[in-house]
Amino acid sequence: MVKWHLTGYRRWISSPTGSVLLLVLLALVGDYSSRGVFAASPLPDQDDVLYHAASVSSIAATRDVDSTYFLPNTTVPTHYSISLRTDIHNDVRTFSAITRIYLTVLAPTDLIVMHVQELNIASVALYRIASTGGNEIWIDSPTYMIDIVREHVTFRTAGMLPLGNYALEVAYTGSMRNYQSGYLVSRYRNEANEWRSVGTTHFQATLARRVFPCYDEPALKATFDLKITHHRAYTAIANMPLASTDIDPNNREYLVSRFERTPLMSTYLLAFAVTDFKTLRNGQHEIVVRSNAQDDAMYALTVGSTILERLGSYLELSYYDYMPKMTSIAVPDRGTGAMENWGLVTYGEPSLLYNPAVNTYRNRKRVTTVIAHEYAHQWFGDLVSPRSWDFIWLSEGFATLYEYLATRLAEPGDEYWELFSVEVVQRAFLQDANEQIRPINWQAATQAEVSSLFDIIAYQKAGSVLNMFRNVLGESEWRQGLTQYLTDRGYDAATEENLALHLQRAVEGKDILPPTANVRDLLASWTDAPGFPVLNVYRLYRDGIMILSQERFLEHSVLPTGHVWHIPFNYAYESSATFYDLTTAGWLSSRAAKLETPVPDDEWVVFNKQQTGYYRVNYDRRNWDLLAQALMANRNAIHRANRAQLIDDAFNLARADLLDMAVVLRLMRYLRAERDYAPWYAADKVLTYLYDKVRATEHEHAFLVYVDELIEEVYATLSVDTVGQGESTLYKYLRQLITGWACRIGYKDCLERSRAALRKELLPGQGESSVAVHPDVRAVVYCYGLQQDSAEEFQLIFQRLMASRNQAERTDLIDALGCARNADSITSLLVTIVFSAAPDTTFVYLSEERNRVFQAIYSGGRAPTLALMNVLSDSVSVQQLLAIVGEGTIANAVMNIAQRTNGAEEMARLEMMLTAMNGILPPGTLNNARDTAAARPQWFTTAEGLIVGEFLEQYNLP
């Protein structure tokens, strides 16, 4: 699963009058109300609040869980027969259903316990299934009791049930929500600009129980029969193909859609949808999409089919050997996540729809990698599920690895695999350096505990560790082990032991691992302990001898630990730069060891080639100096992935006081000649961190001179406003990064080109034709094109936002609008949030877009942030916004403003805003913002701050 956005409540207030917001509304509104092209608002009940995979469970290293949340093992399911009726075509947000659960009693009992959440049970009947066949025998109408905390329903029978097979039939009703929970409602505008409601499902991790009583634990697999009664104007789809469609005998306006029986699978993987969408087909591969987005689905139809086929070939297990079809559905206004339901994958539209005319190369990358992630789950998670949520990484870790690796199999020209180290490994490091982080294997019992496991540890860290073992074991043995693992555990559940067993068998007798080592022990050193190590390489500069040692890497502290990781290492050096030979040279399985190498004492050495190992590397100061000199002389002497690694490791080692920050800044001087994206990605994090510290201080000018020195030569090779034929994906990433910095630090050429390109598209001169800005350069051109007083262009971009039905494009346009330096434009944008919740409004935002507006503004620079602060300083305005977007959004904006506050003048302005918000936000929130801003100047009194300031002095030119 790619994490979905969750939601928070909002409500409409009756009158927006009396605030500063209304005074500037006409600046943006113009004659919108007379245009007649915007539909009335659907006035949804709730709004989305950002929740994503970067979140992490910050908890102690060990814990006990409440085992009473687990179901007893006296009964187990074998089959479900579900009959559900829905009126979603009329936006009716309730449903009725009858579910028959076929189960086996394993120990005599009078209690049948399963899961349920917010279902209103009408009747219950229990039947005995004779072992010899024949008719079912009615036994009882059990009583029941619901534990709303544990979400258990306990059915009590009149007498003890002997061992055997039974069927429990439950009739009930339930409700739909408009966020990712059970059977949910989404809304969209059709070709006639009418609002339509559709129903889809999301059951992971513990939400199938919202739709039918069930044994809602991943190991308790069963088969499913599904029957859905729905209006004839709509179509039902599910995991399996449609078996039959009949007219409802009770109402000829309705149809009864029956689906083929599923294979054995977990409850969280059941899925269905009831929509008026269209289906596009490429053989057995289908895309289901609203009718006015069919063109946007063509890319996914093609690339998805290829990815599914290539993954099957790679694993030597064709998807279609297990399932008869693959359907992907694009769900409107459902954020950007996706869910891997077996045979029916659900996506938020930006993760499945791509239109090259309006969407960027980043949107294309997201669609490709999310499809690859979800299709990898068809094997890792669906065919073989985790035995318990403790092992969710066996699902999400593999999917994270193959969302990149599968694209190399299917679309190698896109170069997405090149991003794995910077987007996955380095991202995991940031969270995994927390002292309170959890290990990969982690117990969970309550719903909240289970939900918290879907974090960066299960996704990025697990994916990184799996990739490390893929390289250690070798691609051939790795694939062989995975194929046997999937074959052996197919239609069943697995633990880490099962995976390790088959990987061990694949390498047995091949001299791949040390003689006394086994995969289980090696893997456990990474999965059973929190955090990750730093490999310290201390060179004696005497006959190639080095001392290797390991310790846990933490972002802000050093703690003693008795844990020892089994660290696979390899290295390259100046006269043997074998960066493409990823063979493991040795293992560090102790706290420290002496290593004899052939490395000449006057040459540099780099450990962890291409950063395939999940650990940081620190060197003695002399080796760091040799590396800096080598990069200045010839950057290509060191592999691009290791150049990125050196920058990222050095910066984070310096942040942890394990290295001098001046080493980092000197190392980065070579970037003036760097043309690869990965090192610049790592450098961008350093520059962003430092600019946040020095902006609006005495060091800002020197820092800008330093950045100018780094980017000047690279910028000269790039085009700000045009896209050439045959540009590679990584070139596009590099261009956006470099031109973004060029415009940010005030390059006249960058700003003028952005401004001119924006005007050529939106306001061409008399007699000139409009020249559209290519989507791949739009982010920089639009953002910095709005840096001048550009109210007219701002209005035109806003109009495009309101007219667009492409959610990814809408997000890009919101981000652009947030860059505007015109205070009235920013205020007007906030006005539209207030009016968007009114009945019959012409301002239509999707559910999470109001929050995105705030994020775009405080991320857009100081000028738009000041405009936002002016609005938040007006008590009436902030109360109106609060009533619509919720306290969380406003509080988040306040904290982000505080985190960007530098200098006495900005601090005074912040205090004015916080004082005006007394009585509106809780005192704790306001005080936290004050404390955050007040602490920022203290950085200049730290060793890191003093070293950076001293280094920048040389750039403080008159």
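Residues numbered from 1 in each chain as written. Predicted model: local features only at pLDDT ≥ 70, side-chain atom pairs only at ≥ 80, totals over all residues. Heavy atoms only, no water.

### Details of the confidence of the model for the protein
As a note on interpretation, predicted positions should not be read in detail where pLDDT is low. On average, residues of the protein score 91 in pLDDT, and 93% of them are at 70 or above. In the model, residues 4-18 has pLDDT below 50 throughout and makes 60 contacts with residues more than four positions away in sequence or in other chains. Between residues 22-61, whose pLDDT stays under 50, and residues either more than four places distant or in other chains, the model counts 118 contacts. (pLDDT = per-residue confidence, 0-100. Contact = heavy atoms within 4.5 Å.)

### Notes on the environment of Val422
Mapped onto the secondary structure, Val422 falls in helix 6 (residues 420-432). A C-alpha to C-alpha distance of 52 Å links Val422 and Ala107, two positions 315 residues apart in sequence. Excluding residues within four positions of it along the chain, Val422 makes contact with Arg427, Ala644, Ala678 and Tyr681. (Helix = DSSP H or I, 4+ residues; strand = E, 2+ residues; numbered from the N terminus.)

### Quick notes on the sheet that holds strand 10 (residues 164-175)
Pairing within the open sheet is mixed, and its eight strands lie in the order 7-6-10-4-3-13-16-15. Two strands close off the open sheet at either side, each with one partner strand: strand 7 (137-140) and strand 15 (242-247). Averaged over all pairs of adjacent strands, the angle between strand axes in this sheet comes to 20 degrees, irrespective of strand direction. Looking at chain direction, strand 3 (residues 75-86) and strand 13 (residues 223-231) are connected through seven bridges and run parallel. Looking at the pairing, His79 lines up with Thr223 of strand 13. (Pairing = 2+ DSSP bridges. Axes fitted to C-alpha atoms, helices over the stretch in contact; angles between N-to-C directions.)

### Let's talk about helix 22 (residues 823-836)
Helix length check: helix 22 (14 residues) gives 20 Å between terminal C-alpha atoms against 20 Å at 1.5 Å per residue, within 8%. Summarising burial for helix 22: 12 of the 14 residues are buried, a large majority. When we look at burial in helix 22, the residues that qualify are Ser825, Ile826, Thr827, Ser828, Leu829, Leu830, Val831, Thr832, Ile833, Val834, Phe835 and Ser836. Here helix 22 starts with a cap whose side-chain oxygen sits 2.9 Å from the backbone nitrogen of Asp824, and that cap is Asn822. (Expected span 1.5 Å × (residues − 1). Buried < 20%, exposed > 50% of the residue type's maximum accessible area, 1.4 Å probe, protein only. Polar contact = N/O pair within 3.5 Å; in protein donor to acceptor, adjacent residues only side chain to side chain.)

### So, the packing of helix 25 (residues 875-885) against helix 26 (residues 887-899)
At their nearest, the axes of helix 25 and helix 26 sit 6 Å apart, and the two run at 120 degrees to each other. With respect to each other, helix 25 and helix 26 are oriented oblique. Two secondary-structure elements touch here, helix 25 through Val878, Leu881, Leu882 and Val885 and helix 26 through Glu887, Thr889 and Ile890. Among the residues forming the contact of helix 25 with helix 26, the class breakdown is five nonpolar, one polar and one charged. (Parallel < 35°, antiparallel > 145°, perpendicular 65-115°, else oblique. Nonpolar A, V, L, I, M, F, W, Y, C, P; charged D, E, K, R; others polar.)

### Things to note about the domain arrangement of the protein
We note that the domain assignment places domain 1 (74-276), domain 2 (386-528), domain 3 (532-679) and domain 4 (789-957) within the protein. Domain 1 and domain 4 are separated by 45 Å when their C-alpha centres are compared. Domain 1 puts four residues into the contact, and the matching count from domain 4 is five residues. In this assembly, domain 1 packs against domain 4 so that about 350 Å² is buried in total across both faces, 39% of it on carbon and sulfur atoms. Taken as a group, Arg189, Asn193 and Trp195 account for 92% of the area that domain 1 buries against domain 4, more than any other trio of residues on that side. For the interface between domain 1 and domain 4, the tally reads zero salt bridges. By residue class, the composition of the side of domain 1 that touches domain 4 is one nonpolar, two polar and one charged. (Domains from an automatic or database assignment. Buried area = accessible area lost by both parts, 1.4 Å probe. Salt bridge = Lys/Arg side-chain N within 4 Å of Asp/Glu carboxyl O.)

### Quick look at the packing of aromatic side chains
Per the stated rule, a full pass over the model turns up 45 aromatic pairs. Taking the centre distance of 5.6 Å and the plane angle of 80 degrees together, the rings of Tyr404 and Phe420 count as edge-to-face. Pair noted here: Tyr404 is in helix 5 (residues 393-410) and Phe420 is in helix 6, with a separation of 16 residues, a long-range link. Assessed through its relative accessible area of 5%, Tyr404 is described here as buried. With a relative accessible area of 2%, Phe420 lands in the buried category. Through successive ring pairs, a cluster of aromatic residues spans Phe429, Trp526, Phe532, Phe553, Trp565 and Tyr614. Positioned above the aromatic ring of Phe553, the side-chain terminus of Arg616 is 5.3 Å from the ring centre. (Phe/Tyr/Trp six-rings, centres within 6.5 Å; stacked < 30°, edge-to-face > 60°. Lys NZ or Arg CZ within 6 Å of the ring centre and 35° of its normal.)

### Concerning the state of the cysteines
Enumeration over the complete set of coordinates arrives at two disulfides. Covalently, Cys743 is tied to Cys750 through a disulfide, its sulfur atoms 1.9 Å apart. When the S-S torsion is -95 degrees, as for the bridge of Cys743 with Cys750, the disulfide is left-handed. A disulfide bridge connects Cys783 with Cys819, and the sulfur atoms are separated by 2.0 Å. (Disulfide = S-S within 2.5 Å.)

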